[in-house]
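Remarks on the overall topology
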Amino acid sequence: MVDFGEILKAIGDFGFFQKLLLLALASPHFLLPVFFCSFLFIQSDPERHCNTDWILKAAPNLTAEEQLNLTLPREEDGSFSRCRMFVPVDWDIHTIREHGLNDTTACTDGFVYENMLYESTIVTDFNLVCEKSNMAEVTQTIFMTGMLAGSFIFGPVADLYGRRRTTQLPVVLLLIFIIAAAVSPNVHVYNVSQFIVGASLGGYRMNSVVLATEWIGINKRSLASCVSQVFGSFGQCALAGLVYVVRDWRKAQYVVAGAEAVVFLYIWWIPESARWLLGQGRVDEAEKLIRKVAAINKKDVPENLLEKVSEEKKVENAGIKAIFTSAVLIKNFFIISFAWFSLNLGYFCLVLNVGKFGLNIFLVQFLFGISEVPAHLLCIWCLEFFGRKKSLVSTLLVGGAVCLLTLAFPQDSAVAITALVTTGKFFLNWAGSVCLVYVQELFPTSIRQTAVSLSSIAFRVAGLLSPLLNMLAVYHRSIPIIVFSSLAVLSGALGLLLPETSRKDLPDSTSDGKSNGGLTNEKPGSDISMAEIHTQKSTKL
């Protein structure tokens, strides 16, 4: 059977169809960072006191100051307690004034919040303060765990049931559960909704990129990953603007749901991956799609090509075990997963400390997003010019080395450290874009989505571990930096063992994936095709 790369050359490997598909699948990535708004923009310890309106039944005309004096105990510094109140009594106001109140209890009727940066947050709506003050961090962890679960679930399912269904399903779940989170009556319903939102977000991010990549030819293949990342960076900027304008988290959820509804309307017209259909032996469906794409791209399909497409092909459903029964695939999987883990550990360790810069939180979030755009745009060019291996190795080594260099400056050198940290984050983010492209090209179509999902588990685990690593700074500020920087440098060195995949067609079978590990002498600019490689092998045999 003819290689799918040859089919793409005939029907247009980056024509109007591919551009439209890329726009349709990449633009929702603009919304993915905005799903973080409900738990990212919060005041974790707002000014507050217990709601003590019970006393107004005895004396409706009390001033606010009198009410607080009569119903709240004071701390050692003389301020009113933020978490305790006097036990309500059924006395008249004169008795209360004369004898006073002594017994205290936790707040029984909620809190009164003051001097809020926002109109409403999950902290104030669900009263995540005092003994529940750790619930805000728990909510973040639940969301990240959901993303981890989504990576584990949606990847293998996509290899079994197709890219299209597993791209559409997350869109449906996102729309339903972003609304469910907005109307949540308590934090438990909210957390369940956020878990499913996180899982759906992780699933869409992976499957949409792979679906777009499998329709794009060799020369433009990196665009699927990098353009999606660019949309995500602009989404981070939009996140800052949304929360700046809409200070109520529930209203912000409704705005995001409205935007997601637009994606819901058109996602049903997204086609399946013809490459995956051929790998599953569903030749008739693949042939119909190929004809449609050729018509959209205004190309004529050679009849001899369609005859070759119609030839029977062995169906592969090897699944996860195919990765772990090949020394080449195991090596590639371990190195790319370790690289993804290392760069994400460093990236989130730096991001979680961004509040220590002392700038306005909305400005910091905007700068955080806009600074990533050049990394993804440069990635598109460098991947084609220098190849995948050199791009990955250089960005990891430079990113890790720059972060290590911060230890050469005293802690009060704010300008120098901020400049180095920003530069280090820039290169680590760049390396992340390379990884997303590279991991798809190292594994064959039959297990590509599984490999991507398993590798991204390492990516998500790093996100969960980064807050714990940052906590080690209480012993010495250099510990987190040394750990994540050293891992980045080590993973960069291991990247030298990966094969170069630039200018090569995506492997379709497990044998192609294994042979891809040995094609290390081809230069990135080589135009050799997979068909020519097979011909050369046959000649040698």
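Refer to the structure above for everything that follows.
Here the structure is a predicted model, which means the values were calculated and not measured. Throughout, residues of each chain are indexed from 1 in the direction in which the sequence is written. Only residues with pLDDT of at least 70 are given local features in this predicted model, and only at 80 or more are side-chain atom pairs given and counted; all residues enter the totals for whole chains, interfaces and linings. Side-chain calculation: all heavy atoms of the structure are included, whereas hydrogens and water are not.

**Focus on a nonpolar patch on the surface**
- Nonpolar side chains (Val, Leu, Ile, Met, Phe, Trp, Tyr) within 5 Å and like charges within 9 Å form the patches, drawn only from residues with over 30% relative accessible area and no salt bridge. All accessibility values rest on the Shrake-Rupley procedure with a 1.4 Å probe; residue burial counts only the protein chains present in the view. By salt bridge we mean one thing: a side-chain nitrogen of Lys or Arg within 4 Å of a carboxyl oxygen of Asp or Glu. Taken together, the side chains of F30, F234, L363, F366, L367 and I370 define a hydrophobic patch exposed on the protein surface, amounting to about 470 Å² of accessible area.
- It is helix α16 (residues 361–370) that contributes the most residues to the nonpolar patch, four residues altogether.
- We count a stretch as a helix when DSSP gives it H or I for four or more residues in a row; a strand needs E for two or more, and each element gets its number in order from the N terminus. By secondary structure assignment, the location of L367 is in helix α16.
- Per-residue accessibility, obtained with a 1.4 Å probe over protein chains only, is compared with the maximum for each type, and a residue is labelled buried under 20%, exposed over 50%, and partly exposed between these values. By relative accessible area, L367 is classed as partly exposed at 39%.

**Quick word on the nonpolar core**
- By size, the foremost hydrophobic cluster in this structure holds 142 residues, and its most contacted members are I11, F35 and W215.
- Among the elements that take part in this core, helix α19 (residues 414–441) stands out by supplying 12 residues, more than any other.
- By definition in these notes, contact holds between two residues if any of their heavy atoms fall within 4.5 Å. For F35, the contacting residues outside a window of four places in its chain are F143, L174, I178, Q194, V197, L201, V256 and E260. In this description, a nonpolar core means a group of buried Ala, Val, Leu, Ile, Met, Phe, Trp, Tyr and Cys residues linked to one another through side-chain atoms lying within 4.5 Å.

**Focus on the packing of aromatic side chains**
- For this analysis, a ring pair means two rings from Phe, Tyr or Trp (six-membered ring only for Trp) whose centres lie within 6.5 Å, classed as stacked if their planes differ by under 30 degrees, edge-to-face if by over 60, and tilted for the remaining angles. Tallied over the entire structure, the rule returns 17 aromatic pairs.
- Their ring planes at 50° and their centres at 5.8 Å tell us that F126 and Y190 sit as a pair that is tilted. Of this pair, F126 sits in the loop between α6 (122–125) and α7 (135–161) while Y190 sits in helix α9 (residues 187–213); the two residues are 64 residues apart in sequence, bridging distant segments of the chain.
- With relative accessibility at 8%, the residue F126 sits in the buried group.
- Look at Y190 and you get buried, because its relative accessible area is 0%.
- Taking 5.1 Å as the distance between ring centres and 10° as the angle between the ring planes, the aromatic pair formed by W381 and F385 counts as stacked. With W381 and F385 both in helix α17 (residues 373–386) and four residues apart, this pair spans about one turn of that helix.
- Judged by relative accessible area, F385 falls into the exposed class, the value being 54%.
- Cluster of aromatic residues (ring-pair linked, three or more members): F4, F17 and W215.
- Over the aromatic face of F80 sits the side chain of R74, whose NZ or CZ is 4.0 Å from the ring centroid. Sitting over a ring, as applied to charges here, requires NZ of Lys or CZ of Arg to be within 6 Å of the ring centre and within 35 degrees of the ring normal.

**Observations regarding unusual backbone geometry**
- With a phi angle near 50°, N115 is a residue other than glycine that sits in the positive phi range.
- Turning to its location among the elements, N115 is positioned in the loop between β4 (111–114) and α6.
- Exposure remark for N115: the relative accessible area of 59% places this residue in the exposed category.
- At C130, a residue that is not glycine, the phi angle is positive and equals roughly 55°.
- When you line up the elements, C130 lands in the loop between α6 and α7.

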